[in-house]
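Structural features, examined
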Amino acid sequence: MSTRRRTLLKVIVLGDSGVGKTSLMNQYVHKKFSQQYKATIGADFVTKELPIDDRLVTLQIWDTAGQERFQSLGVAFYRGADCCALVYDVNVMRSFDTLDNWHEEFLKQTNIIIVLSQGNLPRRQLLWKCINLFNLIKANLSDPRTFPFILLGNKIDIDGGNSRVVSEKKAKDWCASKGNIPYFETSAKEDYNVDPAFLSIAKIALANE
Ligand code: GTP
Ligand code: MG
């Protein structure tokens, strides 16, 4: 019988539609890849158990819809996240340009930025701020500069890397500007760097727990 302590960690995967969020998760959890694109509707999670040090970690990975019209569940499920994985497609500049939005939106929705903002507020806003503070405590989130993100640059297999439009340096510079976010280049299709990326996610989430 295992004497390992069990730990549940929650990870939210965000990024533009079509960058390969679902494919990365399918590759990681089911070791499967499909060429066919089927847009994710709403959000759903899969779990994977993995031993890390003296723990048995259950990684609960939340897959989300990149397409706005399918983001029907809102963002309530962001609450309690231990890590946020941002994904872009190295061959699509727009998916890289929107990373700022995903990053900001995640922090905003988990109420971190609002709570930490300063200034004299009207009563209604103050009440709102208190609610956010309550949520923040419940969510066990702290400082936006230390909330653990990770960035995955996916589809590096395409055209042997010849069609990529975002260089590794550019991606790493972005990560540095956001407080040294760890960066992995992946291929869900070829199962390249998928396990190491998710192991890193689990370790980061565990450290934040
Ligand atoms: P939404 O659910 O709309 O947000 O999209 P998504 O980010 O989940 O993308 P999805 O995983 O559905 O992949 C979109 C398309 O890209 C599919 O046709 C996949 O087969 C393809 N794809 C995903 N990852 C890779 C990869 O690493 N390499 C290649 N060549 N194709 C990939
Ligand atoms: Mg999807």
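Residues numbered from 1 in each chain as written. Chains lettered and ligands numbered in written order. Predicted model: local features only at pLDDT ≥ 70, side-chain atom pairs only at ≥ 80, totals over all residues.

**Re the site of ligand 1**
To keep it simple, the criterion reads: A molecule or strand has a residue near it when that residue's C-beta atom, placed from backbone coordinates, lies within 6 Å of it. Counting from the N terminus, the helices are DSSP H or I runs at least four residues long and the strands are E runs at least two residues long. All residues other than Ala, Val, Leu, Ile, Met, Phe, Trp, Tyr, Cys, Pro, Asp, Glu, Lys and Arg, Gly among them, are scored as polar; the first ten of these are nonpolar and the last four charged.
Taken together, 23 residues lie around ligand 1, and Gly20, Thr22, Ser23, Thr40 and Gly66 are the ones closest in. Element by element, the count of residues in the shell around ligand 1 is highest for helix α1 (residues 21–30), at three residues. Considered class by class, the residues forming the shell around ligand 1 number six nonpolar, 13 polar and four charged.

**Regarding the sheet that holds strand β1 (residues 5–14)**
For clarity, the cut-off: Think of it this way: DSSP has to see at least two bridges between two strands before they count as a pair. The axes are straight lines fitted to the C-alpha atoms, using for helices just the contacting stretch, and the angles between their N-to-C directions are given from 0 to 180°. Contacts here follow a simple rule: the backbone-placed C-beta atoms of the two residues must lie within 7 Å.
In spatial order, the strands read β2-β3-β1-β4-β5-β6; together these six strands make up an open sheet with mixed pairing. Looking at which strands have only one partner, the edges of the open sheet turn out to be β2 (43–52) and β6 (183–185). Adjacent strand axes in the sheet meet at a mean angle of 25° when their direction is disregarded. In the sheet, strand β4 (residues 83–89) pairs with strand β5 (residues 149–154) via six bridges, with the strands oriented parallel. Looking across to β5, one finds that Ala85 is bridged to Ile150. Across the sheet, α1 touches β1, β2, β3 (55–64), β4 and β5, and the angle it forms with β3 is around 150°.

**Quick word on the nonpolar core**
The criterion, for reference: To define a nonpolar core, we join buried Ala, Val, Leu, Ile, Met, Phe, Trp, Tyr and Cys residues through C-beta atoms within 7 Å and take the resulting set. With C-beta atoms placed from the backbone, the exposure class of a residue follows from how many other C-beta atoms lie within 10 Å of its own: 20 or more, buried; 12 or fewer, exposed; in between, partly exposed.
Ranked by internal contacts, the top residues of the largest apolar core, which has 43 residues, are Val11, Ala85 and Ile201. No other element matches helix α7 (residues 194–208), which puts seven residues into this core. Leaving out residues up to four positions away in the same chain, Ala85 has contacts with Val11, Val13, Ile150, Leu152 and Ile201.

**Some points on unusual backbone geometry**
What is expected of a backbone is that most residues other than glycine have negative phi and most peptide bonds are trans. The backbone of Lys155 shows a phi angle near 65°, a positive value even though the residue is not glycine. Inspection of the secondary structure assignment puts Lys155 in the loop between β5 and α6 (168–177). Take Lys155: there are 27 C-beta atoms within 10 Å of it, and that puts it in the buried class. One non-glycine residue with positive phi stands out, namely Asp159, at about 55°. Tracing the backbone through its elements, the reader meets Asp159 in the loop between β5 and α6.

**Brief notes about the pairing of β3**
Strand residues, when the strand is regular, have side chains that alternate between the two faces of the sheet. Of the pairings in the sheet, the one linking β1 to β3 comprises nine bridges and is parallel in character. Counted as the bridge partner of Arg5 is Arg55 from β3. Both β2 and β3 contribute to a ladder of ten bridges, which runs antiparallel. Paired with Glu49 across the strands is Thr58, a residue of β3.

**Examining the pairing of β1**
Where β1 lies against β4, four bridges are found, and the strand directions are parallel. Paired with Val11 across the strands is Cys83, a residue of β4.

**With respect to helix α3 (residues 99–109)**
The test is simple: The reported arc concerns the directions from the helix axis to the C-beta atoms and nothing else.
Listed in full, the buried residues belonging to α3 are Leu99, Trp102, His103, Phe106 and Leu107. When α3 is viewed along its axis, its buried side chains cluster within an angular range of 125° and face the same direction. The exposed residues of α3 that point more than 90 degrees off its buried face are Asn101 and Glu104.

**Some points on α7**
Note the cut-off: Under the convention used throughout, the expected extent of a helix is 1.5 Å for every residue step, that is, one less than its residue count.
Over its 15 residues, α7 runs 21 Å from end to end, which matches the ideal 21 Å to within 8%, given 1.5 Å per residue. Of all the residues in α7, the buried ones are Val194, Ala197, Phe198, Ile201, Ala202, Ile204 and Ala205. Here the buried residues of α7 occupy an arc of 165° about the axis, which is enough to place them on one side. For α7, the exposed residues lying more than 90 degrees away from the buried face are Pro196 and Ala207.

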